[in-house]
Amino acid sequence: MPSSSAIERKLKREIAARKAAEALLEQKSLELFNANQQLEVALKQTEARSEASFLRLDFQQKIERILIHFGRTFLRTNLDDVLVIELVNQLSEISDDVACSIELPGKPIPTLKKSQYQTKSYLALGEQDDIARSCIPIELEQDVIGKLELAVDESTFDMDFVSSQMSLVCELLSSSITRQIINIRLVESKERAEASERSTREFLAMINHELRTPLNGLLGSVELLADTGLSDSQKDLHHNLSQSGQLLRSIINDLLDFSKIDAGMLELIESDFTWKSLESTLRSIFEHKAQEKQIGFVIKSNGFDQRLIKGDLERVTQIFVNLIGNAIKFTDKGRVDVVVSNSDNGLNISVSDTGIGISTVAQKKLFQPFTQADRSSSRNYEGTGLGLAICRRLVELMGGTISLESELGKGTVFHVLLPLQTSVQQVANEQVKTDNTTELDLSSLKVLVVDDIKMNQVIITKMLSKLGISPDLAVNGLEAVEHATNQEYDIIFMDCRMPVMDGFEATKRLRDASYVKPIVALTAGTTSEERQNCYDVGMDDILSKPYTAKDLTQTLAKWGPSWGLEAI
């Protein structure tokens, strides 16, 4: 058996081992407790961070929804007080710990009447001392026009985070205001442009009337004067007066037409005409001028037999007149040749002269308005410098081309292509009508002339008297309606611009009263809009001022009674 001392030693070892084990257990328990404490703290921190992240994510999502909603709304409608208030309300409803207000003291757009937009929640939160505050500027074209003020409880949200989100709202407001201001400016620019266009149209219509009306009296008097007994010296004076009147007419036409082309108001009015009639007009204008300068003048044509040309006769004539007029003006010896041929591409035109020619430098600017080769105060060749500019624009308006070849001292050749269509239909009938117009007996026609200007009354009365017609006269539209209601007329010549009642209103009243006889406008208006106004109110045709006795006769033959038309 072991001795007592051995047992004691064994017992001591066991006690020591137990104490060591207890100490180790206590140590491990303490470490476990500390670890648990740390884990609990970490868990709480994780939970706090997760909740903050969730709140931030929720805040971002709500801001995004607000931006999308109001972004679409601002695209559909203009920004106004109601929309800004709604925006502020929705922003303040995102969280109880965030509130905002918007100030726009500059009122950059007229639809915003207020300067400050804030909610009760902003006022309540902003009164608290521990609440953080910040301000985000609202900019427009690099200028600060307002601000978005923030009140944030930073125990819930970091101010930098909230400010970054709210800055997107400020950008949305800035973009919306910018877009609206741009739209306002565009509308204002459009209104100014429309007002300017209206003013231009009104001015051109007015100046057209004011210039052509006295010109009608001048040229009409000159034409009537030719049928009176004139001495040789009076005939010379008459010829000078006629030439000056035609030159004045050409200058007025050039100035007015260039203004209308430049304003985009000139439109082509197509009709069917024969080359023979156009050639006759050109010869009547230029043969005498060529004889005066003792130069040759020849017009050659090919391919127009029994054919009608479809185009704007007045503008085609204007092109020829400007080109031939320039050629004769700048040619002191030699000749001017006009060659016109019909092809599949249209009318091929060349106008050549043996005049002074044009330098290479001058050719580059020749088609610019108000440009002449000789700009000196002592230049030998007068003119507005608009003829060739108008020619080019008219040719381009018709879809054609114009070019030139020239050499100083040897002459110039202009080449023009006008893509005008030709046809063989009814050319014979048109020729018969033209030939028989002068043979018609129109003396039985009952005519009413409505014009407020005494000179115009005298001119048209004397022209009609040559046809055996004694017209009735009215000085305004109201008198015209009374005359036409009480008497029968075969045709009414109606001036458009008159006091008391103009020709448009008078024609409208007559048509509303079932008046069916022809009404022909007497007008100085030449734009398509003015002409269309005549047709819209019920006028049948237009006799443009200044008109000739031939124009008047052809109109009477066209719109006279049925027996007159059958005779044609």
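These numbers come from a predicted model, not from an experiment. (Residues numbered from 1 in each chain as written. Predicted model: local features only at pLDDT ≥ 70, side-chain atom pairs only at ≥ 80, totals over all residues. Heavy atoms only, no water.)

1. Points about the overall build of the protein chain
For the record, the criterion: Strands here are runs of E lasting at least two residues and helices are runs of H or I lasting at least four, both read from the DSSP assignment and numbered beginning at the N terminus. In this scheme, a residue with accessible area under 20% of its type's maximum is buried, one over 50% is exposed, and one in between is partly exposed, where area comes from a 1.4 Å probe on protein chains only. Two residues qualify as a contact provided that any one of their heavy atoms is within 4.5 Å of a heavy atom in the partner residue. Here, Shrake-Rupley sampling with a 1.4 Å probe gives the accessible areas, and only protein chains in the shown set may cover a residue.
A count of helical and extended segments in the protein chain gives 16 helices and 17 strands. The 568 residues of the protein chain split such that 40% are buried. Considering only intrachain contacts with a sequence separation of at least 6, the fraction spanning at least 24 residues in the protein chain is 69%. Carbon and sulfur atoms make up 52% of the accessible area of the protein chain, which amounts to about 31,300 Å² in all.

2. Thoughts on the nonpolar core
Put simply, the rule is: Working definition of a nonpolar core: buried Ala, Val, Leu, Ile, Met, Phe, Trp, Tyr and Cys residues. They are joined through side-chain atoms within 4.5 Å.
In this structure, Trp275, Phe297, Phe320, Leu323, Ile324 and Leu418 are the most contacted members of the largest nonpolar core, which totals 44 residues. Sort the elements by how many residues they give to this core and helix α7 (residues 313-329) lands first, with seven residues. Leave out the neighbours within four places in its chain, and Trp275 touches Leu282, Ile299, Ser301, Phe304, Ile309, Phe320 and Val340. The next biggest cluster of nonpolar side chains, apart from the first, holds 39 residues, and it includes Ile109, Phe161, Met166 and Leu172.

3. A short note on the packing of helix α12 (residues 477-486) against helix α13 (residues 503-512)
Put simply, the rule is: Angles shown run from 0 to 180 degrees and are taken between the N-to-C directions of axes, each axis being a line fitted to C-alpha atoms and, for helices, limited to the stretch in contact. Each angle receives one of four descriptions, namely roughly parallel if under 35 degrees, roughly antiparallel if over 145, roughly perpendicular if within 65 to 115, and oblique otherwise. Put simply, a crossing is left-handed when the front helix is turned counterclockwise from the back one by less than a right angle, and right-handed when it is turned clockwise. Polarity classes work like this: nonpolar for Ala, Val, Leu, Ile, Met, Phe, Trp, Tyr, Cys and Pro, charged for Asp, Glu, Lys and Arg, and polar for all others, with Gly in that last group.
Where α12 meets α13, the axes come as close as 8 Å, and the angle between the chain directions of the two elements is 25 degrees. Comparing the axis directions of α12 and α13 gives the class roughly parallel. Note on packing geometry: the crossing formed by α12 with α13 is right-handed. In this structure, α12 uses Gly477, Leu478, Val481 and Ala484 to contact α13, whose residues at the interface are Ala506, Arg509 and Leu510. Tallied by class, residues from the contact of α12 with α13 come to five nonpolar, one polar and one charged.

4. Examining the side chain of Thr412
Rule in force here: Polar contact is defined as a pair of N or O atoms within 3.5 Å, subject to the rule that within protein one atom must be able to donate a hydrogen and the other to accept it, and that residues adjacent in sequence are counted only when both atoms are side-chain atoms.
Tracing the backbone shows Thr412 in strand β11 (residues 411-418). Judged by relative accessible area, Thr412 falls into the buried class, the value being 4%. Looking at Thr412, its side chain comes within polar contact range of the side chain of Ser406, at 2.7 Å.

5. Notes on unusual backbone geometry
Note that the residue after Lys545, namely Pro546, is joined by a cis bond; omega there is -5 degrees. Along the chain, the position of Pro546 falls in the loop between β17 (541-544) and α15 (549-559). For Gln294, which is not glycine, the phi dihedral falls at a positive 55 degrees. Checked against the element boundaries, Gln294 lands in the loop between α6 (275-293) and β6 (296-302). We classify Gln294 as exposed; its relative accessible area is 71%.

6. Quick word on the confidence of the model for the protein chain
Detail in the predicted coordinates should be disregarded across regions flagged by low pLDDT. Here is the rule: As a per-residue quantity, pLDDT reports the predictor's confidence and falls between 0 and 100.
Overall, the predicted model of the protein chain reaches an average pLDDT of 83, with 88% of residues at or above 70. By mean pLDDT, helix α16 (residues 562-567) is the weakest element of the protein chain at 42, and strand β13 (residues 447-450) is the strongest at 95. Below a pLDDT of 50 lies the segment residues 427-435, which in the model reaches eight contacts outside its immediate sequence neighbourhood of four places, other chains included.

7. What to know about the pattern of salt bridges
Heads up, the rule is: Every case where a carboxyl oxygen of Asp or Glu lies within 4 Å of a side-chain nitrogen of Lys or Arg is listed as a salt bridge.
Taken as a whole, this structure holds 18 salt bridges when the rule is applied. With its nearest N and O atoms 3.4 Å apart, the salt bridge here joins Lys293 to Asp332. Placement of Lys293 in helix α6 and of Asp332 in the loop between α7 and β8 (335-343) is noted, with a sequence separation of 39 residues between them. Take Lys293: its relative accessible area is 27%, and that puts it in the partly exposed class. Taken together, the salt bridges that share partners define one network made up of Glu279, Arg283 and Glu287.

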